[in-house]
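# Architecture and fold: a report
One letter stands for each residue in the lines below.
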Amino acid sequence: MNENKIKHALLHASWEYGTDSQARLRAEAELVLPYDYTAEMEDRVFCPECCTPISRSPKDKVKFSNGRACCFVHRPAYRNVQCTLRTPLADGKRYLNEEDAKQAIESDQLAIISSFLRDRPEKAAGPLDPYDQSAVEEMEGPISLVPIGRHRGEKFMLPSRITTVAGLRRGFDKNLYKFFVFPNSAIAQRLCDALIDIATVTEECDVPRLYYGTIIRSYNAGITPKPTNIRMTELRCHPKIKDFYLKVHAADQEEKGINDESGGRIVLFWGKVIESGIGLAVRDLAWGEFALLPEKYEKLLDGL
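Residues numbered from 1 in each chain as written. Predicted model: local features only at pLDDT ≥ 70, side-chain atom pairs only at ≥ 80, totals over all residues. Heavy atoms only, no water.

### Topic: the pattern of salt bridges
What counts is decided by this rule: Put simply, a salt bridge is a Lys or Arg side-chain nitrogen that is within 4 Å of an Asp or Glu carboxyl oxygen. Strands are runs of DSSP state E lasting at least two residues, helices are runs of H or I lasting at least four, and both sets are numbered from the N terminus onward. Whether a residue is buried, partly exposed or exposed follows from its accessible area with a 1.4 Å probe, protein chains only, as a fraction of its type maximum: under 20%, in between, or over 50%, in that order.
Evaluated as defined, the whole model comprises 17 salt bridges. With a closest N to O distance of 3.6 Å, Glu-298 and Arg-265 form a salt bridge. Here Arg-265 lies in the loop between α6 (250-255) and β15 (266-276) and Glu-298 lies in the segment after β17 (290-292), a separation of 33 residues in the sequence. Looking at Glu-298, the relative accessible area reads 19%, which means it is buried.

As structure tokens, this is what we get:
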């Protein structure tokens, strides 16, 4: 793992490392990409995980002499502060004890996802605003027995969530470095490590995983366009693969903002990759298993 894992910094004009709470920094800081960095930000930008002051390299230009893009790096003065953006995690993060894991959940640095919502929740009765899926992006799930202890086979009883992929994209910049235990997983992974670019996939996989892909085109596959038809959303794929499609009912995709004009947008989804015709596909996704990524976050996926 290299320092380019720090995809963005947290900018705060008055926060002090070692004095102020990390929760305050994460709640109040502004997102800064390496290209956005200016000299005035020196000593005001912090690592999104360990919260130590970081620097941009090179400091005064956007590219190294070899053409490599600038990036944020940890400062040597804080080399003794543990940070998984500096030290590789071969098998995800494990927790010392149950209290340690619960504290991570309470500080919003860990989330246990028991499942993704299968069906669109019913609207509440009454004169409410138009349906907003953000209201149900996360719901309380069951207490789960999660195998993320330091010792092999050690499991903790932890509160879980039933959530949606749309819930992951909300505050995506902060979620990117947060740890998640996904359904049927035995490890806690940072979101940035769990995400798989469809353009790197060359074969089917019957284990559900978290993917993202850039939309090439999307169209209603029926002779007569109907909400019940399958909408064929083609994603940019690996050169070895003829094509890759997300195949979900048109009504469901269009509710999520995927339509004939969605070329160039990025879609996140949780599912199995299957063979389909001469290419690959993901199909029959549940209501909570896919969502468009807001355009303002697309740059954060560069180089993952």
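The rest of the description comes next.
### Digging into the pairing of strand β13 (residues 230-235)
Condition: DSSP calls a pair of strands paired once it identifies at least 2 bridges connecting them.
The buried fraction of β13 amounts to five of the six residues, a majority that puts the element mostly inside the structure. Pairing between strand β12 (residues 205-220) and β13: five bridges, direction antiparallel. Its bridge partner lying in β13, Ile-215 is registered against Leu-235. Relative to strand β14 (residues 244-249), β13 runs antiparallel, the two being bridged by five bridges. Following the sheet pairing, Thr-233 is matched in β14 by Leu-246.

### A word on the packing of aromatic side chains
Convention followed: Working definition: rings of Phe, Tyr and Trp (its six-membered ring) pair if their centres are within 6.5 Å, and the pair is stacked with planes under 30 degrees apart, edge-to-face with planes over 60 apart, and tilted otherwise.
Applying the stated criterion to the full structure yields nine aromatic pairs. Relative to Tyr-297, the ring of Phe-172 lies with its centre 5.9 Å away and its plane at 45°, an arrangement referred to as tilted. Of the two residues, Phe-172 is situated in helix α4 (residues 172-175) and Tyr-297 in the segment after β17; the sequence distance between them amounts to 125 residues. In this structure, Phe-172 and Tyr-297 share a single accessibility class: buried. Centroid distance Tyr-211 to Phe-269: 5.6 Å. Interplanar angle 25°. Geometry classified as stacked.

### Points about the environment of Ala-199
Assignment of secondary structure puts Ala-199 in the loop between β11 (196-197) and β12. With 40 residues separating them in the primary sequence, Ala-199 and Pro-239 have C-alpha atoms 8.1 Å apart.

### Some details on a nonpolar patch on the surface
Test applied: Residues qualify for a patch when their relative accessible area is over 30% and they have no salt bridge, like charges being joined within 9 Å and the nonpolar side chains of Val, Leu, Ile, Met, Phe, Trp and Tyr within 5 Å. Shrake-Rupley sampling with a 1.4 Å probe provides the accessible areas, and residues are treated as covered by the protein chains on show and by no other component.
A cluster of nonpolar residues, Ile-143, Leu-145 and Met-157, forms a patch on the protein surface that exposes about 290 Å² of accessible area. For Leu-145, the location among the structural elements is in strand β7 (residues 138-146). What makes Leu-145 partly exposed here is its relative accessible area of 49%.

### A short note on the nonpolar core
Going by this rule: Residues enter a nonpolar core if they are buried and are Ala, Val, Leu, Ile, Met, Phe, Trp, Tyr or Cys, with the set joined through side-chain atoms within 4.5 Å. In what follows, a contact means two residues having at least one pair of non-hydrogen atoms within 4.5 Å.
Leu-168, Phe-172, Phe-182, Leu-191, Leu-195, Leu-210 and Leu-268 are the most contacted members of the largest nonpolar core, which totals 39 residues. Counting residues per element, the ones that place at least two in this core are β1 (9-11), β6 (110-116), α3 (165-169), α5 (191-194), β12 and β15. Residues within four places of Leu-191 in sequence aside, it is in contact with Leu-168, Phe-172, Asn-175, Leu-176, Lys-178, Phe-180, Phe-182 and Leu-210.

### Details of the sheet that holds strand β3 (residues 45-46)
Strand order in this open sheet of three strands is β2-β1-β3, and the pairing throughout is antiparallel. This sheet does not close on itself; its edge strands, each paired only once, are β2 (30-32) and β3. In this structure, β1 lies alongside β3, joined through two bridges in antiparallel fashion. Bridging across to β3, Leu-11 finds its partner in Val-45.

### A short note on the pairing of strand β16 (residues 279-283)
Burial analysis of β16 places four of its five residues in the buried class, which makes it a mostly covered element. Both β15 and β16 contribute to a ladder of three bridges, which runs antiparallel. Looking at β16, one finds that Ser-276 is bridged to Gly-279.

### Side note on a negative patch on the surface
Going by this rule: Counting rule for charge: Lys and Arg are taken as positive, Asp and Glu as negative, and neither His nor the chain ends is counted. Here the site of a charge means atom NZ of a Lys, CZ of an Arg, CG of an Asp or CD of a Glu.
A contiguous patch of negative charge on the surface is contributed by Glu-203, Glu-204, Asp-206 and Glu-275. Within the secondary structure, Asp-206 sits in strand β12.

### Details of helix α2 (residues 98-106)
Our working rule: Throughout, the arc means that of the directions going from the helix axis to the C-beta atoms.
When α2 is considered as a whole, its buried residues turn out to be Ala-101, Ala-104 and Ile-105. All buried residues of α2 lie within an arc of 100° about the axis, which places them on one face of the element. Residues of α2 that are exposed and point more than 90 degrees away from the buried face comprise Glu-99, Gln-103 and Glu-106. Those residues of α2 hidden inside the fold are in contact with β6 and β8 (156-163).

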